[in-house]
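Per-entry structural report
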Amino acid sequence: MATKISIDVASVVDITARRNDSFYLKTELTNSDGTIYNLEDPEGRTHSVFFEVYDANDILVLAFSSSANSNPLIYPTIDVNLSPATLTISHPSSYFTIRSGTYKYKYYVRSYNLSIVNTIMVGKLKVVDI
């Protein structure tokens, strides 16, 4: 008899990046049965995608998004391809200026009406310098 159930499907992946370098990360999303993850709602609106970086005090220090945002810490640099379901973060070095150190990040998909949020990756982001 099962005594534990987990609905957390996020992969834990630690990332190391160099400060003041360009950043590129491409992910392909599939369901547990190998089918393509659906990045649209029933009305055909594409879900929003966020990659958020937090310091040790849980303060947002940098983020990437698939859409424009008024927050100056969030850059619209995530491209979403529906088939296959791929997410590509690609941004110039001028965006990646946070101090060297270890941060935590959360990479997630959010539906248009905010009713669905799926975290796809979490982990540590280590930023190194020269």
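Structure shown above.
Conventions used here
- Residues numbered from 1 in each chain as written.
- Predicted model: local features only at pLDDT ≥ 70, side-chain atom pairs only at ≥ 80, totals over all residues.
- Heavy atoms only, no water.
- Salt bridge = Lys/Arg side-chain N within 4 Å of Asp/Glu carboxyl O.
- Helix = DSSP H or I, 4+ residues; strand = E, 2+ residues; numbered from the N terminus.
- Buried < 20%, exposed > 50% of the residue type's maximum accessible area, 1.4 Å probe, protein only.
- Pairing = 2+ DSSP bridges.
- Contact = heavy atoms within 4.5 Å.
- Polar contact = N/O pair within 3.5 Å; in protein donor to acceptor, adjacent residues only side chain to side chain.

Attention shifts here to the pattern of salt bridges. Scanning all chains against the criterion turns up four salt bridges. Across the salt bridge formed by arginine 19 and aspartate 129, the nearest N and O atoms sit 3.8 Å from each other. A residue pair is termed long-range when its members are at least 10 positions apart, and arginine 19 in the loop between strand E2 (15-18) and strand E3 (23-28) and aspartate 129 in the segment after strand E10 (117-128) qualify at 110 residues. Judged by relative accessible area, arginine 19 falls into the partly exposed class, the value being 25%. In this structure, lysine 104 engages aspartate 58 in a salt bridge whose closest nitrogen and oxygen atoms are separated by 2.6 Å. Here lysine 104, found in strand E9 (residues 101-110), pairs with aspartate 58, found in the loop between strand E4 (48-54) and strand E5 (60-65); they are 46 residues apart in sequence, far enough to count as distant. Relative accessible area serves as the criterion here: at 37%, lysine 104 is assigned to the partly exposed category.

If a strand is regular, its side chains alternate between the two faces of the sheet. A large share of strand E8 (residues 86-91) lies buried, amounting to five of its six residues. Across six bridges, the pairing between E3 and E8 is antiparallel. In the sheet register, glutamate 28 faces E8, and the bridge partner there is threonine 86. For strand E7 (residues 78-81) and E8, the ladder comprises four bridges, and the chain directions are antiparallel. Residue pairing across strands places isoleucine 78 opposite isoleucine 89, the latter belonging to E8. In this structure, the hairpin formed by E7 and E8 is closed by a connection of four residues.

Moving on, we come to the environment of tyrosine 103. Within the secondary structure, tyrosine 103 is located in strand E9. As for tyrosine 103 and glycine 123, which are separated by 20 residues in sequence, their C-alpha atoms are 8.5 Å apart. With sequence-adjacent residues up to four places away left out, tyrosine 103 is seen in contact with Val53, Tyr54, Asp55, Val61, Ile98, Gly123, Lys124, Leu125 and Val127. A polar side-chain atom of tyrosine 103 sits 2.8 Å from the main-chain carbonyl oxygen of arginine 99.

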